Amino acid sequence: MTRSISPSLQATLDLLNAMTPFASVSGQLSQQRELAQWLEDWIRQQLNGVPVLPVSLQNDESTPPLVHMRIERQAAKTLVLYNMYDVMPATDEGWEFPPFTGGMTEWPGTGAVYIARGAENNKGPLAGMLMAIKSLCDTGGLDVNLEIILEGEEETGSGRLRRYLAQEPCPVPPAGAVFFPSLCEYGGGEPRVYLGFSGLSGGRLRVSGGAWGGPHAAIHASNANWIANPVWRLIHALHTIAPAVNSGVIARLPVDEAANELLHTLAEHFSIRDELRFRHSETLSVSGDTLACLQQLINGAVLNISEIRSDPQQARGVIPHSASAELALRVPPGIDGENLLADVRRTLSQAEFGGVELELDDSYPGHRFPRNSPGVDALLASYQLQGAKPQIWPWAPGCAPAYTFARIAPAFLIGGLGHGGNAHGVNEFVTLHGLERFQQSVTDWIRFYTHDSSFSALPE
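Described below are features of the structure shown in this document. (Residues numbered from 1 in each chain as written. Predicted model: local features only at pLDDT ≥ 70, side-chain atom pairs only at ≥ 80, totals over all residues. Heavy atoms only, no water.)

**A short note on the overall build of the protein chain**
And then number 1: Secondary structure summary: the protein chain contains eleven helices and 21 strands in total.
And then number 2: In terms of overall dimensions, the protein chain is globule-like: its C-alpha atoms have a radius of gyration of 23 Å, near the 23 Å expected for 460 residues.
And then number 3: When the backbone C-alpha atoms are referred to their principal axes, the protein chain occupies close to 75 × 55 × 50 Å.
And then number 4: Within the protein chain, the proportion of its 460 residues that are buried is 51%.
And then number 5: Restricting the contact set of the protein chain to residue pairs at least 6 apart, pairs at least 24 apart contribute 78%.
And then number 6: By element, 50% of the accessible surface of the protein chain is carried by carbon and sulfur atoms, the whole surface being about 20,400 Å².
And then number 7: With 31 positive and 48 negative side-chain charges, the protein chain shows a spacing of 1 Å between the two charge centroids. (Helix = DSSP H or I, 4+ residues; strand = E, 2+ residues; numbered from the N terminus. Rg over C-alpha atoms; globule rule 2.2 N^0.38 Å. Buried < 20%, exposed > 50% of the residue type's maximum accessible area, 1.4 Å probe, protein only. Contact = heavy atoms within 4.5 Å. Areas by Shrake-Rupley, 256 points an atom, 1.4 Å probe, with all protein chains shown as cover. Lys, Arg positive; Asp, Glu negative; His and termini not counted. Charge placed at Lys NZ, Arg CZ, Asp CG, Glu CD.)

Here you go:
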């Protein structure tokens with residue numbers, strides 16, 4: 001690599017390099033706890049943050065710790081900065097560098113990149129966020145009180161965070177906005193501003209053998225004429241809940257006037273082809289013009305199946321004794337996810353589905369907020385300052401625990417310039433140019449939010 005790296009970017013890369021080796025994956029509690037403690041120590045030492053909920057005092061060994069740090073500046077405004085330190089699992093197979101070692105290289109057409117698990121989602125943005133705060137502290141430019149909250153369960157439902165914020169009194173004081181710094185130039189396209197997020201319910205559908213006719217233990221497949229197979233029962237239940245012809249969509253929400261106004265503007269310049277390329281697909285499962293496709297992208301409650309398995313596995317000559325499917329129900333704001341889950345349970349209570357059980361790990365609803373909420377204009381201005389033309393979406397098709405912060409602040413914003421990719425996949429990356437843009441945009445966003453007048457003269 002011949003790219004010249006600025007001192008500020010090098011410091012961010014050094015911080016990202018330090019975080020990368022922690023395999024902070026769901027189920028790896030020791031690694032998650034070690035990273036949480038490391039982050040708390042770093043914020044205390046580098047930013048003079050004060051622990052509100054010390055990691056060392058969190059003795060629940062079943063869930064990763066929260067990091068809650070406070071930087072009190074005796075300022076008129078308070079801002080919550082939220083982020084995550086958990087990442088998805090990864091093996092070395094197919095990676096240019098081991099995913100929990102990381103490394104830099106040059107990709108034709110993309111430029112200089114840093115490759116590692118979490119580079120995009122979300123250790124890279126976390127490193128950039130922390131260094132943006134440090135740059136403001138070091139230059140005397142941090143004129144806002146900060147509540148920094150980092151969790152280790154974003155990928156699995158944010159259960160501990162939601163319970164923490166539900167306490168009375170709430171351990172986080174009222175704030176003007178919650179900001180979730182992330183790389184939002186998806187696929188290298190224009191940055192996005194989401195005015196809401198979908199909700200998420202995660203768990204599994206499980207079928208065990210027994211009284212309904214399945215085997216108590218795996219048996220030879222020659223008995224299939226007599227003894228029922230749990231896998232077929234599972235497939236029947238899945239098809240009844242969410243017919244395959246609908247690709248898992250089990251409900252749709254009419255898009256209201258405020259949302260449609262934003263979508264009309266978005267559709268004028270939105271490229272479905274570029275979006276599909278970014279999502280590693282060449283086909284569209286809906287038809288119609290760009291506006292109709294955007295409406296269908298955001299207004300459906302969809303049941304995704306990420307894995308179907310049986311026990312024992314990879315045994316063609318047996319009838320398994322159990323089967324399960326890992327599920328995630330994504331529900332846009334405006335659709336009651338609890339009602340949908342109640343409908344699923346009513347369906348499964350029928351005699352034909354005896355032995356089929358829905359196991360729910362965690363669940364939270366969708367949430368949206370108005371265009372004129374605090375912080376939105378500041379985020380737009382931080383994009384415009386670097387020449388970007390942001391897209392404004394009524395809410396995201398993706399999920400975030402926005403609703404849990406609603407009692408603290410009127411807006412939950414995910415934002416930041418920067419291009420990364422392959423999140424959850426092989427060779428997850430962030431471009432070095434994108435990471436630099438990201439850090440500057442976060443610095444500008446905090447500055448603009450703190451001083452409203454500083455962006456009033458920016459062009460629309």
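Still to come is the rest of the account.
**A closer look at the state of the cysteines**
And then number 1: This structure, assessed with the given rule, holds zero disulfides.
And then number 2: Here Cys184 stays unpaired: no disulfide links it, and the sulfur of Cys399, its closest cysteine neighbor, is 15 Å away.
And then number 3: Residue classification places Cys184 among the buried positions, given a relative accessible area of 0%. (Disulfide = S-S within 2.5 Å.)

**Things to note about the side chain of Ser441**
And then number 1: For Ser441, the location among the structural elements is in helix α11 (residues 432-450).
And then number 2: Of the residues examined, Ser441 reaches a relative accessible area of 1% and is grouped as buried.
And then number 3: Within polar-contact distance, the side chain of Ser441 engages the backbone nitrogen of Leu417 at 3.0 Å.
And then number 4: Those residues within four positions of Ser441 in sequence are excluded, and the remaining contacts are Ser382, Gln386, Gly416 and Leu417. (Polar contact = N/O pair within 3.5 Å; in protein donor to acceptor, adjacent residues only side chain to side chain.)

**Some thoughts on the sheet that holds strand β12 (residues 249-252)**
Think of a sheet as strands paired side by side through backbone hydrogen bonds, with each pair either parallel or antiparallel.
And then number 1: Across the sheet, five strands lie side by side as β12-β13-β15-β10-β16; this open sheet has antiparallel pairing. Two strands bound the open sheet, and with one partner strand each, they are β12 and β16 (356-364). On average, each strand axis in the sheet is tilted by 15 degrees relative to the strand beside it, whichever way the strands run.
And then number 2: Strand direction decides the pairing type here: strand β10 (residues 199-208) and β16, joined by eight bridges, are antiparallel. The residue of β16 that forms the bridge with Gly203 is Leu360. (Pairing = 2+ DSSP bridges. Axes fitted to C-alpha atoms, helices over the stretch in contact; angles between N-to-C directions.)

**A short note on unusual backbone geometry**
And then number 1: Each neighbour pair has its own omega, and for Asn121 with Asn122 the value is 0 degrees, a cis peptide bond.
And then number 2: If you trace the backbone, Asn122 turns up in the loop between β5 (111-115) and α3 (123-138).
And then number 3: In this model, Glu168 is joined to Pro169 through a cis peptide bond whose omega is -5 degrees.
And then number 4: Checked against the element boundaries, Pro169 lands in the loop between α4 (159-165) and β7 (177-181).
And then number 5: A positive phi angle, close to 60 degrees, is found at Asn48, a residue other than glycine.
And then number 6: Overall, the relative accessible area of 65% leaves Asn48 in the exposed class.

**Re empty space enclosed by the protein**
And then number 1: If you walk through the whole model with that rule in mind, you get one cavity of 30 Å³ or more.
And then number 2: Approximately 110 Å³ is the volume found for the largest cavity.
And then number 3: The wall of the largest cavity is formed by 15 residues, among which Leu303, Leu327, Leu329, Leu341 and Leu358 lie closest to the centre.
And then number 4: Counting residues per element, the ones that place at least two in the lining of the largest cavity are β10, β15 (322-331), α9 (337-348) and β16.
And then number 5: Among the elements that take part in the lining of the largest cavity, β10 stands out by supplying five residues, more than any other.
And then number 6: When the residues that make up the lining of the largest cavity are grouped by side-chain class, the tally is eleven nonpolar, three polar and one charged. (1 Å grid on protein atoms, 1.4 Å probe; cavity = no way out; pocket = protein on both sides within 12 Å on 5 of 7 lines; lining within 4 Å. Points joined across faces, edges and corners; volume = space filled by probe spheres on them. Nonpolar A, V, L, I, M, F, W, Y, C, P; charged D, E, K, R; others polar.)

**Structural notes on the packing of α3 against α11**
And then number 1: Where α3 contacts α11, the axes come no closer than 9 Å and their chain directions differ by 50 degrees. If you check the angle between α3 and α11, you find them oblique. Along this stretch, α3 crosses α11, giving a crossing that reads as right-handed. Only Leu435, Phe438, Gln439, Val442, Thr443 and Ile446 of α11 make contact with α3, whose side of the interface consists of Gly124, Pro125, Gly128, Met129, Met131, Ala132, Ser135 and Leu136.
And then number 2: The class makeup of the residues in the contact of α3 with α11 is nine nonpolar, five polar and no charged. (Parallel < 35°, antiparallel > 145°, perpendicular 65-115°, else oblique. Left-handed = near helix turned anticlockwise from the far one by under 90°.)

**As for the packing of aromatic side chains**
And then number 1: In total, this model carries 14 aromatic pairs according to the counting rule given.
And then number 2: Plain terms: the ring middles of Trp107 and Phe429 are 4.9 Å apart, the flat faces sit at 65 degrees to each other, and that makes the pair edge-to-face. One end of the pair, Trp107, is in strand β4 (residues 103-107); the other, Phe429, is in strand β21 (residues 429-431), and 322 residues separate them in sequence.
And then number 3: Of the residues examined, Phe429 reaches a relative accessible area of 7% and is grouped as buried.
And then number 4: With a centroid separation of 5.7 Å and an interplanar angle of 65 degrees, the aromatic rings of Tyr194 and Trp393 are classed as edge-to-face. Residue Tyr194 is found in strand β8 (residues 192-194), and its partner Trp393 is found in strand β18 (residues 391-393); the two are separated by 199 residues along the sequence. Considered together, Tyr194 and Trp393 belong to a single accessibility category, that of buried residues.
And then number 5: By the ring-pair criterion, three or more aromatic residues cluster together here, those being Tyr82, Phe180, Tyr194, Phe197, Phe270, Trp393, Phe405 and Phe412.
And then number 6: Looking at Lys77, its charged tip hangs above the ring of Tyr449, at a distance of 5.1 Å from the centre. (Phe/Tyr/Trp six-rings, centres within 6.5 Å; stacked < 30°, edge-to-face > 60°. Lys NZ or Arg CZ within 6 Å of the ring centre and 35° of its normal.)

**With respect to the pairing of strand β3 (residues 78-84)**
And then number 1: The buried count for β3 comes to seven of seven residues, which makes it a mostly enclosed element.
And then number 2: Side chains of β3 alternate between two faces, with Thr78, Val80, Tyr82 and Met84 and Leu79, Leu81 and Asn83 buried alike.
And then number 3: Bridge analysis of β3 against β7 gives three bridges, and the strand direction is parallel. When the sheet's bridge partners are listed, Val80 is paired in β7 with Val178.

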